[in-house]
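In case you want the letters, here they are:
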Amino acid sequence: MDEEFRSLADRLADEAEAAGESAQCRGLLATEDEEELARVLVERERPLWAREIAAFRLGCGGDRRAFEALVLLLNHRDPERCVSAAHALVLLDDPRTPRAAAALATNTLRTAYALHPVRLLTALRAPESVPALMSTLELLLAPGDPHWRVALACVEGLGRLGDERARPLLRAALPHPRLGGAARDALGRLDAP
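**So, the overall build of the chain**
And then number 1: Along the backbone of the chain there are twelve helices and zero strands.
And then number 2: Its helices and strands taken in sequence order, the chain reads α-α-α-α-α-α-α-α-α-α-α-α from the N to the C terminus.
And then number 3: Reported as C-alpha extents along the three principal axes, the dimensions of the chain are approximately 55 × 30 × 25 Å.
And then number 4: The burial tally for the chain puts 48% of its 193 residues in the buried class.
And then number 5: Sequence-distant contacts, at least 24 apart, represent 61% of the contacts inside the chain between residues at least 6 apart.
And then number 6: About 10000 Å² of surface is accessible on the chain, with carbon and sulfur atoms providing 52% of the total.
And then number 7: In the chain, which carries 25 positive and 30 negative side-chain charges, the distance between the mean positions of the two groups comes to 5 Å.

So this is what it looks like as structure tokens:
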């Protein structure tokens, strides 16, 4: 059991126990039946914890039936659900993932929940990654913008991706009190031989 699965299992076991459904949770965590997991994703009135287990396990196993559920979880208000979904989406390796993550990262109505889509885009290193991170960062450079953590993830991601197109935007981030250090580091990466 890897660390991400252990973390998910512990967290969701608590949720299931609070709902009096510990046995069902243990069953979903232990089953090797992919069809059973896939049914959980489409059956009515399944609790969120059950859908998350099914999507995570299917996604980590490369079953693309988990894609839609994982994208929804990636945009959830609970950061732990987002982390688990991002982990499974990387392992799923679905060609739709970069486009979906870019759409979530650049949705101005959901900026508060864009941190994990931004980090996922950095990990994916897809053609959509740099344009989406630049677009998101540009909107967050306004003085006093409350989403500085998302902006910081964009700056760090752009540094890791090392794309020259980001240079002017990274320079614009230098005076920002919470972004300046990361912007200097990112520019240093661009300048490194």
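**With respect to the packing of aromatic side chains**
And then number 1: For the coordinates displayed, the defined rule picks out one aromatic pair.
And then number 2: Relative to Phe56, the ring of Phe5 has its centre 6.1 Å away and its plane inclined at 15 degrees; by these criteria the two rings are stacked. Of the two residues, Phe5 is situated in helix α1 (residues 3–18) and Phe56 in helix α4 (residues 48–60); the sequence distance between them amounts to 51 residues. In terms of burial, Phe5 and Phe56 fall into one category: buried.
And then number 3: A cation over an aromatic ring shows up here: Arg96 above the ring of Phe67, its NZ or CZ 4.0 Å from the ring centre.

**Some details on helix α7 (residues 97–105)**
And then number 1: Of all nine residues in α7, seven are buried; the element is thus mostly enclosed.
And then number 2: Among the residues making up α7, those that are buried are Thr97, Pro98, Ala100, Ala101, Ala102, Leu104 and Ala105.
And then number 3: In this structure, the buried residues of α7 make contact with α5 (67–74), α6 (79–92), α8 (115–124) and α9 (129–140).

**A short note on the pattern of salt bridges**
And then number 1: Going through the model one piece at a time under the given rule, you end up with 16 salt bridges.
And then number 2: In this structure, the salt-bridge partner of Arg46 is Glu43, at a minimum N-O distance of 2.9 Å.
And then number 3: Of the residues examined, Arg46 reaches a relative accessible area of 30% and is grouped as partly exposed.
And then number 4: Exposure remark for Glu43: the relative accessible area of 30% places this residue in the partly exposed category.
And then number 5: In the salt-bridge network here, residues are joined through shared partners; they are Arg11, Glu15, Glu52, Asp78, Glu80 and Arg81.

**Brief notes about the environment of Leu169**
And then number 1: Positionally, Leu169 belongs in helix α11 (residues 167–173).
And then number 2: The spacing of Leu169 and Ala183 is 14 residues in sequence and 9.0 Å in space, taken between C-alpha atoms.
And then number 3: Apart from residues lying up to four places away in sequence, Leu169 is in contact with Met134, Leu137, Glu138 and Leu141.

**As for α4**
And then number 1: Compared with the 18 Å implied by 1.5 Å per residue over 13 residues, the 18 Å span of α4 between its first and last C-alpha is a close match.
And then number 2: Counting buried residues in α4 gives ten out of 13 residues, a clear majority hidden from the surface.
And then number 3: Buried residues of α4: Trp49, Ala50, Glu52, Ile53, Ala54, Ala55, Phe56, Arg57, Leu58 and Gly59, and no others.
And then number 4: As for α4, its buried residues are in contact with α1, α2 (22–30), α3 (34–42), α5 and α6.
And then number 5: A positive phi of about 85 degrees marks Gly62, the residue just after α4.

**Overview of the state of the cysteines**
And then number 1: Tallied over the full model, the rule gives zero disulfides.
And then number 2: There is no disulfide at Cys25, and the cysteine sulfur nearest it, in Cys60, is 15 Å away.
And then number 3: A relative accessible area of 2% means that Cys25 is categorised as buried.
And then number 4: The cysteine Cys60 is free of any disulfide, with Cys82 supplying the nearest cysteine sulfur at 15 Å.

Parameters and conventions
- Residues numbered from 1 in each chain as written.
- Predicted model: local features only at pLDDT ≥ 70, side-chain atom pairs only at ≥ 80, totals over all residues.
- Heavy atoms only, no water.
- Helix = DSSP H or I, 4+ residues; strand = E, 2+ residues; numbered from the N terminus.
- Buried < 20%, exposed > 50% of the residue type's maximum accessible area, 1.4 Å probe, protein only.
- Contact = heavy atoms within 4.5 Å.
- Areas by Shrake-Rupley, 256 points an atom, 1.4 Å probe, with all protein chains shown as cover.
- Lys, Arg positive; Asp, Glu negative; His and termini not counted.
- Charge placed at Lys NZ, Arg CZ, Asp CG, Glu CD.
- Phe/Tyr/Trp six-rings, centres within 6.5 Å; stacked < 30°, edge-to-face > 60°.
- Lys NZ or Arg CZ within 6 Å of the ring centre and 35° of its normal.
- Salt bridge = Lys/Arg side-chain N within 4 Å of Asp/Glu carboxyl O.
- Expected span 1.5 Å × (residues − 1).
- Disulfide = S-S within 2.5 Å.

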